[in-house]
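Structural features, examined
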Amino acid sequence: MTQGMSRYKVNVVTMGCSKNLVDSERVSRMLGDAGFDVSNDADMSPGERYTVVINTCGFIGDAKEESIEAILEACRAKEDGGVDRVYVMGCLSERYRDDLPAEIPEVDRWFGKFDWAGVADALVADTASSYARRRSREWDRKITTPSHHAYLKIAEGCNRFCAFCAIPLITGRFKSRPIEEILDEVAELVSRGVVEFNVIAQDLSAYGHDIYGRSALAELIERMAQTRGVGRIRLHYAYPADFPYDILPVMAAHDNVCKYLDIALQHIDDTVLGNMRRHITADETRRLLDRIRAEVPGIHIRTTLMVGFPGETDEAFERLIDFVKEQRFERMGAFAYCEEDDTWAARNLTDNISDDVKQQRLDRLMAVQEDIALETNEAKVGKTLRVLIDVEQDDYYVGRTEFDSPEVDPEVLVEKTVNLKPGQFCDVEILRALPFELIGRPV
Ligand code: SF4
């Protein structure tokens, strides 16, 4: 590439979850290392020539539609001359690799979920440029979240095969990353200014069994917590069955391990749990939650629940409502069952709950949770909490406590009585609570 020549541009667009975002960060790094000028989810200026890489989501109906719409939009932009070529990768193209090329022939190239090198090699070839993909470590990536926090993916795939879920069909079997490799990545990210690590996988609870023959989550988090510069570690996507209880004393012992656990429970009715193939009963679920709360005082539990699963009776749904009122989850998301091709439920069960009933149940569940969420926030008024500043806005700094995961949980609006910077921790007295925000002043 001759001096002064501008580098060829690529815009990597990410759909779906944080695990997909990490994949986008890896492919972005490979493209950048190859010499391309990489943007992420950017509004490219008119007249700019570039290739768009869409990293799709193929999880459930709405997400698939969003990905299809993003692909079609990019293809329209190509017709209008704004985009040179459209590449599609990720879960949707992995899952429907046999059908999509014929259905959307305007797409130039289709890639699997993990074919990051293939994307870089293809663009080098298609741009006939002097660029060359450089060898890089599997986990090298361009951090696209604010530079002081990062998602840390510790494993790929899933072996659970819950009845409603297509993810194992897309990502394949569960595969842990070695502890040493993860710690190398953590050290490297700390050196680049990351202080908060949001630990993710499809199934955190299974970490280590495949490569060490035992649960290794506690060991990994213990060693991360002792790593210099690691300000915060937050755990996401735990699975309730075979839960690694030895992680609880590690969470309780370290100030830099957030008193926060994201654990999807989906339901509490035994018949529904059985049909969902969740490998856990209502009693076992309650005992698990009791033990988590007993061993990690003050923990905030985030869970995900599903309504409208085939065969969910009115009584079963009322049990779910009572469960939410009884457990008072500090954080909760819910969605309605959506039949997914090739899943056990699609092959063996009838989607017999109407969309109206599903929506009514979802609305009732979220209404119960909204009250609990506000009360959870109100209980923090008068307390002093450690806040990580994410951004500076006109009137406030915006940050998060250890109980707030990026993108999904409440934020703290911090009065600008002192100078603060993104990535800085600050003790904040909480003055007011709103449903999805806290307002406070630095102390
Ligand atoms: S644990 Fe169940 S819901 Fe989660 S990814 Fe695996 S199969 Fe899907």
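Above this text sits the structure in question.
Described in the following lines is the structure provided in the data block. (Residues numbered from 1 in each chain as written. Predicted model: local features only at pLDDT ≥ 70, side-chain atom pairs only at ≥ 80, totals over all residues. Heavy atoms only, no water.)

Around the ligand, the neighbouring residues are Cys158, Arg160, Phe161, Cys162, Phe164, Cys165, Ile167, Pro168, Gln202, Tyr239 and Arg278. Broken down by class, the residue content of the shell around the ligand amounts to eight nonpolar, one polar and two charged. (Near = heavy atom within 4 Å. Nonpolar A, V, L, I, M, F, W, Y, C, P; charged D, E, K, R; others polar.)

Before going further, it helps to examine helix α1 (residues 18-34). The terminal C-alpha atoms of α1 lie 24 Å apart, and with 17 residues this matches the ideal 24 Å at 1.5 Å per residue to within 8%. One or two positions beyond α1, positive phi appears at Gly35, with a value near 120°. (Helix = DSSP H or I, 4+ residues; strand = E, 2+ residues; numbered from the N terminus. Expected span 1.5 Å × (residues − 1).)

Its 13 residues give helix α7 (residues 179-191) an end-to-end C-alpha distance of 18 Å, which sits within 8% of 18 Å, the value for a rise of 1.5 Å per residue. If you check which residues of α7 are buried, you get Ile179, Ile182, Leu183, Glu185, Val186, Glu188 and Leu189. Looking one or two residues beyond α7, the residue adopting positive phi is Gly193, at roughly 100°. (Buried < 20%, exposed > 50% of the residue type's maximum accessible area, 1.4 Å probe, protein only.)

Quick look at the side chain of His148 now. Following the sequence through the fold, His148 ends up in the loop between α5 (116-126) and β6 (149-153). Residue classification places His148 among the buried positions, given a relative accessible area of 4%. Each residue touching His148, except ones within four places of it in the same chain, is listed here: Gly193, Val194, Val195, Glu196, Leu388, Ile389, Asp390, Pro422 and Gly423. (Contact = heavy atoms within 4.5 Å.)

Let's shift gears to the sheet that holds strand β14 (residues 384-392). On the basis of which strands lie adjacent, the closed barrel formed by five strands has the order β14-β15-β16-β18-β17 and mixed pairing. Ignoring strand direction, the axes of neighbouring strands in this sheet form an average angle of 50°. Sheet topology places strand β17 (residues 425-434) next to strand β18 (residues 437-442); six bridges connect them, and they run antiparallel. Note on β18: the bridge partner recorded for Glu429 is Arg441. In this fold helix α15 (residues 355-378) packs onto β17 and β18, with an angle of close to 130° to the strand it touches most, β17. (Pairing = 2+ DSSP bridges. Axes fitted to C-alpha atoms, helices over the stretch in contact; angles between N-to-C directions.)

Moving on to the pairing of strand β10 (residues 232-238). Of all seven residues in β10, six are buried; the element is thus mostly enclosed. Two strands pair when backbone bridges link them, and strand β9 (residues 196-200) and β10 are joined in this way by four bridges, in the parallel orientation. From the neighbouring strand, Glu196 faces β10, where its bridge partner is Arg232. Where β10 lies against strand β11 (residues 257-263), three bridges are found, and the strand directions are parallel. Following the sheet pairing, Leu235 is matched in β11 by Leu261. Considered for its hand, the β-α-β crossover made up of β10, helix α10 (residues 247-253) and β11 is right-handed. (Right-handed = clockwise from strand over helix to strand, strands pointing away.)

Before going further, it helps to spend a moment on the packing of α1 against α5. α5 packs onto α1 with a crossing angle of 35° between their chain directions and a minimal axis gap of 9 Å. By crossing handedness, the relation of α1 to α5 is classed as right-handed. Facing α1, whose interface residues are Asp23, Arg26, Val27, Met30, Leu31 and Ala34, α5 presents Trp116, Ala117, Val119, Ala120, Leu123 and Val124. A breakdown of the residues in the contact of α1 with α5 according to their chemical character gives ten nonpolar, no polar and two charged. (Left-handed = near helix turned anticlockwise from the far one by under 90°.)

What follows concerns the nonpolar core. By size, the foremost hydrophobic cluster in this structure holds 59 residues, and its most contacted members are Ile154, Ile221, Met224 and Ile247. Broken down by element, this core gets its largest block of residues, six residues, from helix α9 (residues 217-225). (Core = buried A, V, L, I, M, F, W, Y, C linked by side-chain atoms within 4.5 Å.)

Strand order in the open sheet formed by six strands is β6-β9-β10-β11-β12-β13, with parallel pairing between adjacent strands. Both edges of this open sheet fall to β6 and β13 (331-336), since each of them pairs with a single strand only. On average, each strand axis in the sheet is tilted by 15° relative to the strand beside it, whichever way the strands run. In the sheet, β6 pairs with β9 via five bridges, with the strands oriented parallel. Pairing of Tyr151 across the sheet is with Asn198, part of β9. Most of the contacts of α1 go to β6, to which it runs at about 100°, and overall it touches β6, β9 and β10. Relative to the sheet, helix α13 (residues 314-327) contacts β12 (300-307) and β13, its axis offset from that of β12 by approximately 165°.

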